[in-house]
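As a plain string of letters, each chain reads:
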Amino acid sequence: MTASTRLSDATATVARPTSSGIVHLGVGAFHRAHQAAFTYEAALLTGETNWGITGFTQRSNTVVEQLAPQDGLFTLVQKGTEQTTATVVGSMLDVRNAAADPDAVVAAIADPATHIVTLTVTEKGYRLDPASGRLRLDDPEIVADLSGRPPRTVAGQLVAGLARRMPGDSPLTVLCCDNLPSNGRILSELVHAFVAAGGCDDGLAEWITRRVTFPSSMVDRIVPATTDDDRADNERRTGLRDDALVVCEPFRQWVIEDDFAGPRPAWERVGVQFVEDVEPWETMKLRVLNATHSVLAYLGILRGHSTIAEAVGDSVLDEICRTMVLRDVAPTMAGGMDAVGYGDEVRSRFANPALKHTTRQVAMDGSQKLGPRLLGTVRDATSAGGSTDILALAVGAWCAFVLEEAEAGRVLDDPLSTQLARAGSASDLLDIDSIFGPDLGPTSAFGAQVVAWTDFLRTDSLSEWKRVLI
Ligand SMILES: NC(=O)c1ccc[n+]([C@@H]2O[C@H](COP(=O)([O-])OP(=O)(O)OC[C@H]3O[C@@H](n4cnc5c(N)ncnc54)[C@H](O)[C@@H]3O)[C@@H](O)[C@H]2O)c1
Ligand SMILES: O=P(O)(O)OC[C@@H](O)[C@@H](O)[C@H](O)[C@H](O)CO
């Protein structure tokens, strides 16, 4: 058997940038299919060569092993319902492991040639208290970074990089691309909280306020984890092995608050929208798309569906999702937002059978996702006297999922897995203050609804769900 030839600059002719104006933290599948692709296409159109990306993987070396032997090249496979297309993306110039070389990330953020730091480190990567959205200053890794070790947390890396950048006074844009509400404000507060807790600011907070911006952004493209089958299909088609390949849907959207401290790629040339206020976009996406995704994941697992496409093809689940948006979510949206129409579009994207997005992938890290996706809507609906019935069903689905996983002896993929595994009931779960806060616990009206739905989901047939509403 001959060793397969790997995608690289030596085996493919791909236009490349010559320097990195962007540093990215968290080179997962999503970054490659979204920001890296937009950036590459914009550079191809303008001919600008300084918008390469230096990426840092944060936890394991896998992405370095996938991308470094390929000179950072990877194939982007877009799977529509009828057509599949594949292109090679050339914007990634260097990929490093921040855990193995903590100073490299600090130096890259400090480098004046870097104009933008982008992030996709997942919700849990920010080490926020999900209920308050603030940096957990008692998190052991944050405590260790604050003690002055080479930084290993996102907050520590950003602050150390900014402190080293400050003497040169060059401005920087820090652009969060994770699914969090007001993600720019959250990131800015996180950085300032870390600086304040460090105790020796030396003018850093004031300099950051003056020279660093944190625009919020709404990011959208469904990018499931790549499988060995995806890589094998590509190798059969191209004759080249690509370990870093990513698969996604054709749809993509990126809406960014127009608040850049310095230059940026001509992203507007490739469809990126720049707006004054991203919040309505973010809120709609999180509370409709991501909320629907989570409902399909938890109820889908309870109903034995392994992919989101299968789950949305289950008419009972489809109707629950539509009803949730219509009855509970849409009334909380700002005027002019067509939440119901958007929800219908979203579910038709989810139905794409070519995307094997597993219900288990979407279900992971529920403790971090419930707040941005569901509980904010619950609070708004409650204070407006609106319905929270189906939102409670959604949270009940998470409770039933967590309880069933524990009973089956499976360890949850969630930063609070140990605490979750100790819960024996929905009430125990609702008692976790860092998820539900003081207002949505087991004794609240919403908590009572969640307990009732969890009991229903664990004992009755879901097809009877409307009976509970009456
Ligand atoms: N995949 C999608 O469909 C999609 C779409 C829109 C937005 N997003 C956003 O992008 C994020 C990443 O998605 P992905 O598909 O790239 O996932 P992924 O698993 O492929 O990559 C996750 C990245 O986050 C980093 N990370 C994980 N835990 C971390 C921690 N505790 N500290 C620091 N870094 C950590 C990992 O090193 C990795 O680089 C999502 O959580 C979401 O916020 C994803
Ligand atoms: O990536 P996660 O794990 O935060 O969430 C899973 C999905 O809901 C999410 O990634 C969507 O696919 C995405 O937000 C679509 O733009």
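Residues numbered from 1 in each chain as written. Chains lettered and ligands numbered in written order. Predicted model: local features only at pLDDT ≥ 70, side-chain atom pairs only at ≥ 80, totals over all residues. Heavy atoms only, no water.

### Section: the site of ligand 2
All residues in the neighbourhood of ligand 2 are listed as Glu123, Asn179, Asp220, Arg221, Lys285, Leu289, Asn290, His293, His357, Val362, Lys369 and Arg373. In the environment of ligand 2, an oxygen atom lies 3.1 Å from a nitrogen or oxygen atom belonging to the side chain of glutamate 123. In this structure, an oxygen atom belonging to ligand 2 sits 2.7 Å away from a side-chain N or O atom of lysine 369. The protein chains hide 84% of the 400 Å² of surface that ligand 2 would expose on its own. If you list the elements that add at least two residues to the shell around ligand 2, you get helix 10 (279–302) and helix 15 (366–383). It is helix 10 that contributes the most residues to the shell around ligand 2, four residues altogether. Across the shell around ligand 2, the residue classes break down as two nonpolar, four polar and six charged. (Near = heavy atom within 4 Å. Polar contact = N/O pair within 3.5 Å; in protein donor to acceptor, adjacent residues only side chain to side chain. Areas by Shrake-Rupley, 256 points an atom, 1.4 Å probe, with all protein chains shown as cover. Helix = DSSP H or I, 4+ residues; strand = E, 2+ residues; numbered from the N terminus. Nonpolar A, V, L, I, M, F, W, Y, C, P; charged D, E, K, R; others polar.)

### Quick word on the packing of helix 6 (residues 154–165) against helix 7 (residues 183–198)
In the contact formed by helix 6 and helix 7, the axes pass within 9 Å of each other and the chain directions differ by 75 degrees. By the angle between their directions, the pair helix 6 and helix 7 is classed as roughly perpendicular. The segment helix 6 lies against helix 7, with Ala155, Gly156, Leu158, Val159 and Leu162 engaging Leu187, Leu190, Val191, Phe194 and Val195. (Axes fitted to C-alpha atoms, helices over the stretch in contact; angles between N-to-C directions. Parallel < 35°, antiparallel > 145°, perpendicular 65-115°, else oblique. Contact = heavy atoms within 4.5 Å.)

### Let's talk about the site of ligand 1
Around ligand 1, the structure places 21 residues, and the nearest of them are Ala29, Phe30, Asp178, Asn179 and Val223. One nitrogen or oxygen atom from the main chain of threonine 120 is found 3.5 Å from an oxygen atom belonging to ligand 1. In the environment of ligand 1, an oxygen atom lies 2.9 Å from a nitrogen or oxygen atom belonging to the backbone of valine 223.

### A word on the sheet that holds strand 10 (residues 246–248)
Strand order in this open sheet of three strands is 4-3-10, and the pairing throughout is mixed. Across the chains shown, the open sheet's two edge strands, defined by having one partner strand only, are strand 4 (84–89) and strand 10. Recorded for the sheet is a direction-independent mean angle of 20 degrees between the axes of neighbouring strands. Here strand 3 (residues 74–79) runs beside strand 10; their pairing, made up of three bridges, is parallel. Following the sheet pairing, valine 77 is matched in strand 10 by valine 247. Where helix 2 (residues 35–46) meets the sheet, its contacts fall on strand 3 and strand 4, and the angle it forms with strand 4 comes to roughly 75 degrees. (Pairing = 2+ DSSP bridges.)

### Some thoughts on unusual backbone geometry
The phi dihedral of arginine 127 falls on the positive side, at around 55 degrees, and the residue is not glycine. Inspection of the secondary structure assignment puts arginine 127 in the loop between strand 6 (116–119) and helix 5 (140–146). We note that aspartate 169 has phi near 60 degrees; this positive angle belongs to a residue other than glycine. As for its position among the elements, aspartate 169 is in the loop between helix 6 and strand 7 (172–176). Residue classification places aspartate 169 among the partly exposed positions, given a relative accessible area of 32%. (Buried < 20%, exposed > 50% of the residue type's maximum accessible area, 1.4 Å probe, protein only.)

### Quick notes on the confidence of the model for the chain
Averaged over all residues, the pLDDT of the chain is 96; the fraction at 70 or higher stands at 99%. Across the predicted assembly, pTM comes out at 0.97 and ipTM at 0.98. (pLDDT = per-residue confidence, 0-100.)

### Considering the environment of leucine 240
Among the secondary structure elements, leucine 240 is positioned in the loop between helix 9 (228–238) and strand 10. When its relative accessible area of 17% is taken as the criterion, leucine 240 is described as buried. Sequence-wise, leucine 240 and alanine 12 are 228 residues apart; in three dimensions their C-alpha atoms are separated by 9.3 Å. Leaving out residues up to four positions away in the same chain, leucine 240 has contacts with Thr5, Arg6, Leu7, Thr11, Asn234 and Glu235.

### Details of the UniProt feature "domain: Mannitol dehydrogenase C-terminal" (unreviewed entry) in the chain
Following the UniProt record, one finds the feature "domain: Mannitol dehydrogenase C-terminal" (unreviewed entry) at residues 277–451. Strand forms 0% of residues 277–451 and helix 69%; the C-alpha atoms that close the span are 37 Å apart. (UniProt positions renumbered as here; feature names shortened; annotations may be inferred.)

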